[in-house]
Amino acid sequence: MSGTQRFTDSGIEIKELYNQHPDLGYLSSPGQYPYTRGVQPDMYRGKLWTMRQYAGFSTAEESNERYHYLLKQGVNGLSVAFDLPTQIGYDSDHELSEGEVGKVGVAIDSIEDMQRLFKGIKLEEVSTSMTINATGYILLAFYVALAKQQGADLKKISGTIQNDILKEYAARGTYIYPPKPSMRIITDIFQWCSQEVPKWNTISISGYHIREAGSTAVQEIAFTLSNGKAYVQAALEKGLDINVFGKRLSFFFNAHNNLFEEVAKFRAARMMWAQIMKELGATDPKAMMLRFHTQTGGSTLTAQQPLNNISRVTIQTLAAVLGGTQSLHTNGYDEALSLPTEEAARIALRTQQIVAFESGAPDTVDPLAGSYFIEQLTSEIAQKAWDLIHKIDAMGGSVSAIEQGFIQNEIARSAYEYQRQIESKEKIIVGVNSFQVNDESPIPILKVDDSIRTVQIQKLEALRSQRDPAKIDQLLQILNDKAVSGENIMPAVLEAVEHKCTLGEIADELRTVFGEYR
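Everything numeric here is computed off the predicted structure, so don't read it as measured data.

A. Representation of helix H1 (residues 60-73) within the structure. If you check H1, its first and last C-alpha atoms are 20 Å apart, about what 14 residues at 1.5 Å a residue would give, namely 20 Å. Those residues of H1 that fall on the buried side of the exposure criterion are Ala-60, Ser-63, Asn-64, Arg-66, Tyr-67, Tyr-69 and Leu-70. The secondary structure elements touched by the buried residues of H1 are strand S3 (50-55), strand S4 (77-81), helix H3 (111-117) and helix H12 (342-357). Backbone geometry just downstream of H1 places Gly-74 in the positive-phi region, at approximately 115°.

B. Quick look at the packing of aromatic side chains. Per the counting criterion, the structure on display carries 18 aromatic pairs. Here the aromatic rings of Tyr-67 and Phe-118 are separated by 6.2 Å at their centres, their planes lie at 25°, and the arrangement is stacked. Here Tyr-67, found in helix H1, pairs with Phe-118, found in the loop between H3 and strand S5 (127-131); they are 51 residues apart in sequence, far enough to count as distant. We classify Tyr-67 as buried; its relative accessible area is 0%. Owing to a relative accessible area of 1%, Phe-118 belongs among the buried residues under this scheme. When the centroid spacing of 5.7 Å and the interplanar angle of 75° are considered together, the rings of Tyr-177 and Phe-514 count as edge-to-face. Residue Tyr-177 is found in the loop between helix H5 (166-172) and helix H6 (179-196), and its partner Phe-514 is found in helix H19 (residues 503-514); the two are separated by 337 residues along the sequence.

C. The pattern of salt bridges, seen in detail. Under the definition given, this model contains 30 salt bridges. Put simply, Lys-427 and Asp-9 hold a salt bridge, and the shortest N to O gap is 2.7 Å. Of this pair, Lys-427 sits in the loop between helix H15 (406-423) and helix H16 (452-465) while Asp-9 sits in the loop between strand S1 (6-7) and strand S2 (13-14), and the two are 418 residues apart along the sequence. The exposure class of Lys-427 is buried, given its relative accessible area of 18%. Arg-116 is the salt-bridge partner of Glu-112, the closest N and O atoms lying 3.6 Å from each other. One end of the pair is Glu-112 and the other is Arg-116, both in helix H3 and 4 residues apart, which spans about a single turn. Arg-116 sits in the partly exposed class, given a relative accessible area of 24%. One network of salt bridges, in which partners are shared, links Glu-61, Glu-112, Asp-113, Arg-116, Lys-459 and Lys-500.

D. The environment of Asn-201, seen in detail. Within the secondary structure, Asn-201 is located in strand S7 (residues 200-201). As for Asn-201 and Leu-249, which are separated by 48 residues in sequence, their C-alpha atoms are 5.9 Å apart. Setting aside residues no more than four positions away along its own chain, Asn-201 makes contact with Gly-159, Thr-160, Ile-161, Arg-248, Ser-250 and Arg-291. Among the polar contacts listed, one links the side chain of Asn-201 to the side chain of Thr-160, at a separation of 3.2 Å.

E. Structural detail: the sheet that holds S5. Reading across the sheet, the 9 strands line up as S7-S6-S5-S4-S3-S11-S10-S9-S8 and stay open at both edges, with parallel pairing between neighbours. Here the strands that pair on one side only, and so sit at the sheet edges, are S7 and strand S8 (203-206). Packing against the sheet, helix H10 (residues 259-279) makes contact with strand S9 (249-255) and strand S10 (292-296), and its axis sits at approximately 160° to S9.

F. The arrangement of the pairing of S3 in detail. Counting buried residues along S3, 5 of its 6 residues qualify, which places the element largely inside the surrounding structure. Alignment of S3 against strand S11 (residues 327-329), held across 3 bridges, turns out to be parallel. Residue pairing for S11: Met-51 is matched across the bridge by Leu-328. Bridge analysis of S3 against S4 gives 4 bridges, and the strand direction is parallel. Its bridge partner lying in S4, Tyr-54 is registered against Ser-79.

Conventions we followed
Residues numbered from 1 in each chain as written. Predicted model: local features only at pLDDT ≥ 70, side-chain atom pairs only at ≥ 80, totals over all residues. Heavy atoms only, no water. Helix = DSSP H or I, 4+ residues; strand = E, 2+ residues; numbered from the N terminus. Expected span 1.5 Å × (residues − 1). Buried < 20%, exposed > 50% of the residue type's maximum accessible area, 1.4 Å probe, protein only. Contact = heavy atoms within 4.5 Å. Phe/Tyr/Trp six-rings, centres within 6.5 Å; stacked < 30°, edge-to-face > 60°. Salt bridge = Lys/Arg side-chain N within 4 Å of Asp/Glu carboxyl O. Polar contact = N/O pair within 3.5 Å; in protein donor to acceptor, adjacent residues only side chain to side chain. Pairing = 2+ DSSP bridges. Axes fitted to C-alpha atoms, helices over the stretch in contact; angles between N-to-C directions.

In structure tokens:
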């Protein structure tokens, strides 16, 4: 911070005083295009945001226990975290899975693991979000197969698969196939879900991981909306109706500590997406609405003085609520050290409940609207994000911009600058580069045992011993044929999982068709 100048995390200068509105030209009523003030006329007075807690670790049985605990504590939506082998299409017995099974999420190898994961939970009665991308099509098939076994009405099944592969190439790295076949799988999911599970959100276009990789708030919405535009264009090229699939697109954003910048970011993103969808041909108002899930910022959590993270998460919760989120996950204070303990998960959920029922924040729609500062910031964030989107458009869109390394380089540059500011103390992180203590009491952390892999391997061996190998080969060959011919692969994937083909077998079958992205 030089002199008296102050800036947001995106480098937007903050004036000492704001005493007039920018010339906005976009302030409409809540629930009306371009939805700057919210997608519902009454917002939280009509219905609070969905309170989710992201959970998944170890075995399906242990994660199932946590889900039952969270449902008893008042969550009204589940969010599933999967382990790394599941995310990149390897069964737990694959040599590359060693050391990773059940560590950052739950291991799901087969329909039987999905049965264990949701034991005692009726899928028709709960909304489930699954953070899964490259293997999203397989996990969705597991979920639908389980719903069918439960006798559920598939027209009532609701939830989301993240399914956003472009941000994997740009920021996160858990991809399998090259971009073009990956986009084809995503449009297959759009098409199939619109007919079979119409209430399912077929993609959660994610800015969260872009921000976690080091982007600014402006870059987060610019790159996310650009990726969204690429998915819409791919679906249009396949002949899908924008007014149908457009209603099932959702977004996933990060909430960081700069309260006002984050609120303005969410408002700007809604306004921009409405304009993008209108330009792409949407005429149904619901297809122009940006609905989003928010997670508080994992990268903002500190291992030093971890209880301070409760305050950080509270600020981020307020940012998401004041910005008009549709659903929210709050991080545990111990997540810079380990997966959250039960106590940390409960405090994180209570943070949402205190904001919902004690703070008064949900009592009126878009409570910060009309603030000279918020409106100016909304306008400036939108303008800077549009500039980036136009640059990406000039390169041929998100896929080309990723292939050319533009998006990755922009994120890396921002991450470097942020770290430089911390090290020079231009940016103060409490407990890290200022206000430190020498003696910290240890806090209990959750440990996942390495023996989990042995347990999963035994389950896989039992599963394979009960199957008809010829039938498995036949089903995988049908999947291969569909992938080669360009037909929709989802019916073949669903049939394969119902007959106990494993996640790794299905992912490998498509590796032989599409190859792997390096």
